[in-house]
Each structure stands twice: as structure tokens, then as C-alpha cells.
Amino acid sequence: MLELKEVSASIAGVSVLRAINAQIARTSTAAIVGRNGAGKTTLLRIIMGFVPFAANGSVLLDGKDLARVSPHDRPRLGIGYGPEDRVLFPSFTVEENLRFPCEVIRMPKKAVDRRMDEVLSIVPELAPLLARSAAVLSGGQAKMAVLGRTLMVGTRLVLLDEPFQGLAPVLALQYTEALNRLQGARPELTILITESNRRLLKDIPTVTWTLERGAMTVDAKGQRSAKPPGVVSVPAGS
Ligand SMILES: Nc1ncnc2c1ncn2[C@@H]1O[C@H](COP(=O)(O)OP(=O)(O)O)[C@@H](O)[C@H]1O
Ligand SMILES: [Mg+2]
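A short tour of the structure in this document, coming up. Sequence positions are assigned chain by chain, starting from 1 and proceeding in written order. To label them, take the chains in the order written and letter them from A, then take the ligands in the order written and number them from 1. pLDDT decides what is reported in this predicted model: residues at 70 or higher carry local features, side-chain atom pairs at 80 or more are listed and counted, and totals for whole chains, interfaces and linings draw on all residues regardless. Side-chain descriptors were evaluated using all non-hydrogen atoms of the structure, hydrogens and water having been removed beforehand.

Moving on to the overall build of the protein chain. Looking only at helices and strands, the protein chain features five helices and ten strands. In this treatment the radius of gyration is a C-alpha quantity, and the globule benchmark scales as 2.2 Å times the residue count to the 0.38 power. The globule rule puts the C-alpha radius of gyration for 238 residues at 18 Å, and the 17 Å found for the protein chain is close to it. Each of the three principal axes of the protein chain carries a C-alpha extent, and together these read 45 × 35 × 30 Å. Here the protein chain holds 238 residues, and the buried ones make up 51% of them. Any two residues having at least one pair of non-hydrogen atoms within 4.5 Å are treated as being in contact. Pairs at least 24 residues apart make up 70% of the contacts formed inside the protein chain by residues separated by at least 6 positions. In this description, accessible areas are obtained by the Shrake-Rupley approach with a 1.4 Å probe, and a residue is regarded as covered only by the protein chains that are shown. Accessible surface computed for the protein chain: about 11,000 Å², of which carbon and sulfur atoms make up 55%. For the charge count, each Lys or Arg is scored as positive and each Asp or Glu as negative, with His and the chain ends excluded. Throughout, a charge is located at the NZ atom of Lys, the CZ atom of Arg, the CG atom of Asp or the CD atom of Glu. Each charge sign in the protein chain was given a centre, from 30 positive and 22 negative side chains, and these centres are 1 Å apart. Each helix corresponds to a stretch of at least 4 residues labelled H or I by DSSP, and each strand to a stretch of at least 2 residues labelled E; elements are numbered beginning at the N terminus. Only protein chains enter the area calculation, which uses a 1.4 Å probe; residues under 20% of their type maximum are buried, those over 50% are exposed, and those in between are partly exposed.

Below is the structure:
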């Protein structure tokens, strides 16, 4: 479970997040919806340890205080982060981009190979792209590659920042299908997706939070399960 306790942050002297409290259960896909500038990216970057927040707050993953884990060690805990701007290394192939975060945390090659096979079963659209240079991908293909790279390390917590922004409908459908396969393949995983347009997420989240004027509230209505049959979803806060 991911827990945010009293998380407050200011950027350039302006308060962006005010005492955010949230519990996001394992085996759930949570969405954070908020307009541009609401603080969605800031919140994900706080979870990754890239942005400081007020000292009275905390971020816990399965009870472990992430303040004790440096940002570059967080992928080792199984935390994967897909930023909104698609940051792939253009001089690497897609496959090299996918393997890179595993190599950074010195995962043995056999384990990386197994991870690659699993990720390709979740995002099969990546298979024909593996040998291509990341520089020649379309925007949508790059978003799929960023999803794959995020899943290479994200076995416990996956953070995806506005993945549907700018995706053509056919790719948005493939992306949604990949997320549904992901829930089936890794039922223990917590998935956190941000979005400014809640309609883009209509088939995905099990729970939706709204981020507005620095405060985050859970939507009581409209909770739905997109999980395959047999997988029980646990609402946030349980
Ligand atoms: N590097 C920065 N310098 C100044 N202001 C920033 C910076 N990054 C974000 N902000 C401000 O912080 C607020 C939250 O931004 P952000 O987390 O990017 O929102 P979102 O991802 O929801 O669009 C916005 O008002 C934005 O202008
Ligand atoms: Mg953002």
C-alpha cells in the first residue's frame, strides 16, 4: 500500500500541495485527476524523491518510509516511473532503453531477460520496435516504450504521468489493454495514473482521486473495477 501522510509542497514560494492524505491499496489502479497545474506531476515526483516536501509529511510504501530510501535506490524497491515528457535516450534502441533501468540497479542479465519477456507479453506492440532507434518512434510508440521501460522495474508500484495525453484513439485502446493485462499479470501491483481529462480513463481505474486547489479527495461515486474476473480489487483506504 502507498500512503501519503500530510504531504505539503511549495514550488518557488507558491503552495502547490496542502496536507495531502491518501491511501492507495495494493492490487488497485488509482487515478489522480486534476487540471493542468494542479500538482499531479509534483506529487509523482515527490513519491520518486525528486521534489522535497514539508518535513511533517511522509510517503510510505508497505509501511516503509521512503524518506530513508534515496531517489536512485527507489527503482530497487520495485518502483517504476513513467514521466509525462517521454524521456527515452534517442541514441539507444528501444530494447536498450527498456533494459537500461535494470542495468542501473545491477539486475543480473538473466533476470533482465525474464523481465523483458514478461513486459513484451503485457505490451506486445513493443516487440517489433525493439531494434529501432528510439529517435525514430512516433509520439504514441514512444509512450508505449516508456510504459515498457516503467514496467521493467515497476513490480510493486507503477507511476504513470498523463500517459493518455496526445495518444491517438487506437493507441489509447492498446494502452488500456496493456494496463488491463498488467493488472492480471501482477495482481499485487499498485498502479497510479494521473490525467487531466477524466474521460480518458473511463475504462481503467478502480478508484479515482481529484486534485484541486492543493487538496486531494477520493471520489465516492464511479468506482469501478476493470480487473479480470477472479482478481479482487481492494478500494483505497481499506
Ligand atoms: N519548476 C517549476 N518552477 C515554477 N513553478 C513550477 C515548476 N514546476 C511546477 N510549477 C508550478 O507548480 C504547480 C503544479 O505543477 P505540476 O505539478 O506540473 O502540475 P500538473 O502536473 O498537475 O499539471 C503549477 O502551478 C506550476 O506552475
Ligand atoms: Mg503534469
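Next comes the rest of the write-up.
Further remarks concern the pairing of strand E2 (residues 14-24). Two strands pair under a simple rule: DSSP has to find at least two bridges between them. Note that strand E1 (residues 2-11) and E2 share seven bridges and pair antiparallel. What sits directly across from Glu3, in E2, is Gln23. Hairpin geometry of E1 and E2 is characterised by an intervening segment of two residues between the two adjacent antiparallel strands and by a positive phi of about 50° at Ala12.

For the rest of this paragraph, the subject is the packing of helix H4 (residues 139-153) against helix H5 (residues 169-185). Helices that pack against each other are described as a pair by the angle of their axes relative to one another and the distance between those axes. Only the stretch in contact is used when fitting a helix axis, every axis being a line fitted to C-alpha atoms; angles between N-to-C directions are given from 0 to 180 degrees. Contact geometry of H4 with H5 gives a least axis separation of 10 Å together with a crossing angle of 10°. Overall, the two elements H4 and H5 adopt an arrangement that is roughly parallel. On the side of H4, the interface is formed by Gly140, Gln141, Lys143, Met144, Leu147 and Leu151, while H5 contributes Leu171, Gln174, Tyr175, Ala178, Leu179 and Leu182. Just so you know the grouping, Ala, Val, Leu, Ile, Met, Phe, Trp, Tyr, Cys and Pro go in nonpolar, Asp, Glu, Lys and Arg go in charged, and all remaining residues, Gly too, go in polar. Within the contact of H4 with H5, the residues separate by chemical class into eight nonpolar, three polar and one charged. Working definition: roughly parallel below 35 degrees, roughly antiparallel above 145 degrees, roughly perpendicular at 65 to 115 degrees, and oblique for all remaining angles.

The term salt bridge refers to a side-chain nitrogen of Lys or Arg lying within 4 Å of a carboxyl oxygen of Asp or Glu. Counted by the stated rule, this structure contains ten salt bridges. We note a salt bridge from Lys109 to Asp113, for which the minimum N-O separation is 3.0 Å. A residue pair is termed a helical-turn pair when its members lie 3 or 4 positions apart in one helix, as Lys109 and Asp113 do in helix H3 (residues 109-122) at four residues. Residue classification places Lys109 among the exposed positions, given a relative accessible area of 59%. Residue class for Asp113 comes out partly exposed when judged on its relative accessible area of 25%. Connected through shared salt-bridge partners, Arg26, Asp62, Arg156 and Glu188 make up one network.

All right, on to a nonpolar patch on the surface then. To count toward a patch, a residue needs a relative accessible area over 30% and no salt bridge; like charges are then connected within 9 Å, while nonpolar side chains (Val, Leu, Ile, Met, Phe, Trp, Tyr) are connected within 5 Å. Side chains of Phe89, Phe100 and Val104 sit close together on the surface and give an oily, nonpolar patch of about 250 Å² of accessible area. Tracing the backbone through its elements, the reader meets Phe100 in helix H2 (residues 94-104). Residue class for Phe100 comes out partly exposed when judged on its relative accessible area of 30%.

Quick look at the coordination of the magnesium ion (ligand 2) now. Only nitrogen, oxygen and sulfur atoms qualify as donors, provided they sit within 2.8 Å of the metal or within 3.2 Å for Na, K and Ca; with water excluded from the atoms, sites may seem incomplete. The magnesium ion (ligand 2) binds to the protein through Thr41 (OG1) and Glu84 (OE), with metal-donor distances spanning 2.0 to 2.7 Å. With a gap of 43 residues between them, Thr41 in helix H1 (residues 40-48) and Glu84 in the loop between strand E6 (79-82) and H2 connect regions that are remote in the sequence. According to the relative accessible area criterion, Glu84 is partly exposed, its value standing at 34%.

Under the pairing criterion, centres of Phe, Tyr and Trp rings, with the six-membered ring standing for Trp, must be within 6.5 Å; the plane angle then separates stacked pairs below 30 degrees from edge-to-face pairs above 60, leaving the rest tilted. Scanning the entire structure with this criterion turns up five aromatic pairs. Between Phe50 and Tyr81, the ring centres sit 5.9 Å apart and the planes meet at 55°, which makes this aromatic pair tilted. Placement of Phe50 in the loop between H1 and strand E4 (58-61) and of Tyr81 in strand E6 is noted, with a sequence separation of 31 residues between them. Assessed through its relative accessible area of 14%, Tyr81 is described here as buried. Centroid distance Phe92 to Phe100: 5.8 Å. Interplanar angle 65°. Geometry classified as edge-to-face. Put simply, the rings of Phe89, Phe92 and Phe100 pair up and form one aromatic cluster.

In the vicinity of ligand 1, the contacting residues are Ile11, Val16, Arg35, Asn36, Gly37, Ala38, Gly39, Lys40, Thr41 and Thr42. Under the rule applied, a polar contact is a pair of N or O atoms within 3.5 Å (in protein, one hydrogen donor and one hydrogen acceptor; residues adjacent in sequence only if both atoms are side-chain atoms). In the environment of ligand 1, an oxygen atom lies 2.7 Å from a nitrogen or oxygen atom belonging to the backbone of Gly37. Taking Gly39, its main chain carries an N or O atom lying 2.9 Å from an oxygen atom of ligand 1. Burial of ligand 1 by the protein amounts to 54% of the accessible area it has alone, namely 560 Å². When residues in the shell around ligand 1 are grouped by element, the largest group, three residues, is from H1. Residues that form the shell around ligand 1 fall into these classes: three nonpolar, five polar and two charged. The nearness test applies per residue and asks whether one of its heavy atoms lies within 4 Å of the molecule or strand.

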